[in-house]
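Summary of structural features
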Amino acid sequence: MIPTKNILYLGPYMEESSRGYYSCMNIKALEKAGHNIKIIPLYSSSYLPNKISSDILHLEEKNLEKYDVCIQHCNPLQYVHNSYFEQNIGIYDFVNLDPNPIVNSNLFLLDKILVNSPNKLTILADILAPHVFERLQYSPQLIDVNHIQNKKQEKLEWVDENRFYFYSELEFSEQYDWEKLIYVYLTNFMDKNTGLIIKTNNISEDKIKIIKQQIYGMASSAMVKPIPEAMPQVLNGVYDEQTMFLINNSSDCFIDINKANEPSYSSLCFAALNKPIISHENSTTASYFKNTIKVDNMISNSLIKHGDDIMNNSITNYYYTLNSESLLNNMRKVYQDRHNKNQINYDNDIHKYDLSQINYIL
Amino acid sequence: MTVNNSILKVLQKNISIALSSRDDKNIDRFFQKILGKNNICGFDDTEYMHRPIHLVVCVNKVESLEKSMAMSHYLHVPLLIIDTQTRPDYIPKNKIFTPEFTYMQIATDHKIAESWGVEGYHDVLDFDIMNSKTIKEWKETLNKIGHQTFKTIKETENNNEQYSPHIQ
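Just so it is clear, the model here is predicted, and its values are computed rather than measured. Sequence order as written defines residue numbering, which begins from 1 separately in each chain. To read the labels, note that chains go from A and ligands from 1, taken in the order they are written. For a predicted model such as this one, the threshold for reporting local features is a pLDDT of at least 70, and the threshold for listing and counting side-chain atom pairs is 80 or more; totals across whole chains, interfaces and linings nevertheless cover every residue.

Here the focus is the overall build of chain A. Per the convention used, a helix needs a DSSP run of H or I reaching at least four residues, while a strand needs a run of E reaching at least two, with both numbered from the N terminus. Helices and strands together make up the secondary structure of chain A, namely twelve helices and 14 strands. Partly exposed residues are those whose C-beta has more than 12 but fewer than 20 other C-beta atoms within 10 Å; with 20 or more the residue is buried, with 12 or fewer it is exposed, and the C-beta atoms are placed from the backbone. Across the 362 residues of chain A, 44% fall into the buried class. Put simply, of all contacts in chain A between residues at least 6 apart along the chain, 69% involve residues at least 24 apart. Placing a C-beta atom from the backbone of each residue, one calls two residues in contact when those atoms lie within 7 Å.

The following block contains the structure:
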């Protein structure tokens, strides 16, 4: 049992991005664990600050007489040590793992640095000086499992209950295998029983139109007749936690083609809902959940073209590209299981990622 | 600096401000009287500061609004705009720019507020150093805005709005 601590938490909880959700969940977990916490928002990226769960905002008004711990969830270049606190903790969740000497020395300022991905920890082991690496501690991204499981009945209004929806989150750029996913869906699944929901982040209306034309073009070149109600549906925007939950709960299978070293809110949500997750074998999601349905990888052309740059940036997952056949087989298997009403327990040890695990970080 | 200032701001309760200009000695003296000598610095000092800044104060938006906004954003602290001059004719009323984060606007008299558009002002307060009522009002105002959390306007406007994703 860890005694109650007074915590000052600075983080990007107002951002509606993976980092924002991560920050929000940490705050909720600390509060739920009984700690006294004051929060201060940090704005560090180009994501639009927008709608967020209002249930943590009251913590901004809290003023404590004394603080024991300071948690800084920000760019490592901004970390500071303050001897007022018993413990200065940093949360390192930046995608760009820059082996810059300033980062090394800034990390050394803190007593403990939390890293939310085992993949990232492996990369950092090579980059950081050993005495700095010693301060790193794996601390997984958390989610309120009970809260999610109690809301299983809530779904988006416009989804068709009888349809099987695949769901994916991606950006329409070459770093994502989005064309492969859509091609596999169009040529093998598009019918009256299936759907594909794709969530992307704030892209322009013009780009959406171009993407839609591209998708129709892909269907016609594959000689597939488009079925309008089964064509991939694009959700474009940043959504609050409740809306993200509704999207996830309305879908039946998550296809995680994200190559970043960060687990997404959706992967945790799908695991909490005991729904299948398909992901490439080197993904952070696969390292989080033992029963992730793994798609084989192939070496991507980008490694051949820009190999050295990629190596230097240490963004390992960008080496890989999904094997279409393996993706198709896995999607087919999940769909068949559902069609045959096979009760599969995708036991992903989700309770390891429940908010109650937060005390391990203090 | 952002994180450091945000931490120090919480640990120190007394309000400290960064003034856009310390050229007007009357304004400088007025704030010194309210906050104490050590709790005021100019923008040029802030680069080297080791003490917290709770509030950026822009005296006359014509002169230093842009720099004050940048400083506010950099330090993650609210902005207080104090107008001591009427709107020049070359600035059309419909082109007046307001910050998209936590801020407050005060005019030193009603004529100034009207020239800029009175609806944009939160209060009218002068710098009468001999008037104890004015000093009390300033103290309250600085305390109120200085202890506010830095936020963007968009976020505060839409805070609790729920909406449904729509298909594109």
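As a further point, take unusual backbone geometry. One can expect most non-glycine residues to show negative phi and most peptide bonds to be in trans. Backbone geometry places A:N274, a non-glycine residue, at a positive phi of 55°. Locating A:N274 in the fold gives a position in the loop between α9 (265-272) and β11 (277-280). Looking at A:N274, the number of C-beta atoms within 10 Å reads 16, which means it is partly exposed. Unusually for a residue other than glycine, B:N60 sits at a positive phi of about 70°. Along the chain, the position of B:N60 falls in the loop between β3 (55-59) and α4 (61-75).

It is worth spelling out the sheet that holds strand β5 (residues 103-107) of chain B at this point. Residue and element names in this part refer to chain B. Note on pairing: two strands pair once DSSP finds at least 2 bridges between them. Pairing within the open sheet is parallel, and its six strands lie in the order β2-β1-β3-β4-β5-β6. Of all the strands in the sheet, just β2 (40-42) and β6 (123-124) have a single pairing partner and so form its edges. Examined bridge by bridge, strand β1 (residues 17-19) and β3 share three bridges and lie parallel to one another. Considered in β3, the bridge of L19 is made with V57.

All names here are of chain A. The axes are straight lines fitted to the C-alpha atoms, using for helices just the contacting stretch, and the angles between their N-to-C directions are given from 0 to 180°. Two numbers describe how helix α6 (residues 178-188) lies on helix α12 (residues 324-339): the axes approach to 10 Å, and their chain directions differ by 50°. Judged by the inter-axis angle, α6 sits oblique to α12. The two elements α6 and α12 meet at a crossing, and its hand is right-handed. Only S324, L327, L328 and M331 of α12 make contact with α6, whose side of the interface consists of K180, V184 and N188. All residues other than Ala, Val, Leu, Ile, Met, Phe, Trp, Tyr, Cys, Pro, Asp, Glu, Lys and Arg, Gly among them, are scored as polar; the first ten of these are nonpolar and the last four charged. Here the contact of α6 with α12 is built from residues that sort into four nonpolar, two polar and one charged. Every angle not falling under 35 degrees, over 145, or within 65 to 115 is termed oblique; those three ranges are roughly parallel, roughly antiparallel and roughly perpendicular. By definition, turning the near helix anticlockwise from the far helix through less than a right angle yields a left-handed crossing, and turning it clockwise yields a right-handed one.

The biggest cluster of nonpolar side chains holds 91 residues, and the ones touching the most others in it are A:Y9, A:I143, A:C269 and A:A272. Marked domain ranges trace back to an automatic or database domain assignment. Built from parts of two domains, this core gets at least three residues from each of domain 1 (6-139) and domain 2 (147-352) of chain A. Not counting residues up to four positions away in its chain, the partners in contact with A:I143 are A:M25, A:I148, A:L268, A:C269, A:A272 and A:Y353. Counting residues in each nonpolar core, the second largest holds 34 residues, with B:I15, B:L35, B:Y103 and B:A113 among its members. One nonpolar core equals one set of buried Ala, Val, Leu, Ile, Met, Phe, Trp, Tyr and Cys residues connected by C-beta atoms within 7 Å.

This part is about the sheet that holds strand β12 (residues 293-295) of chain A. Residues and elements named next belong to chain A. Pairing in this open sheet of six strands is parallel, and the strands run β9-β8-β7-β10-β11-β12 from one edge to the other. In this open sheet, the two strands that pair with only one neighbour each are β9 (233-236) and β12. When strand polarity is set aside, the average angle formed by the axes of neighbouring strands in this sheet is 25°. Where strand β7 (residues 164-169) lies against strand β10 (residues 253-256), three bridges are found, and the strand directions are parallel. Looking at the pairing, S168 lines up with I255 of β10. Along the sheet face, α12 touches β7, β10, β11 and β12 and points at about 155° away from the line of β12.

The subject of this paragraph is the confidence of the model for chain B. Predicted confidence across chain B gives a mean pLDDT of 84, with 88% of residues reaching 70 or more. In the predicted complex, the global pTM is 0.83; the interface-specific ipTM is 0.84. Confidence scores labelled pLDDT are given residue by residue by the predictor and lie between 0 and 100.

With that settled, consider helix α2 (residues 25-35) of chain B. An α-helical turn contains 3.6 residues, so a residue and the one three or four places further along point in the same direction. All names here are of chain B. Listed in full, the buried residues belonging to α2 are I27, F31, I34 and L35. All buried residues of α2 fall inside an arc of 80° around its axis, so they share one side. In this structure, α2 carries K25, N26 and K33 as exposed residues pointing more than 90 degrees from its buried face. Looking at the packing, one finds that the buried side of α2 touches β1, β2, β3 and α6 (132-146). Directly beyond the C-terminal end of α2, a positive phi value near 95° is found at G36. Throughout, the arc means that of the directions going from the helix axis to the C-beta atoms.

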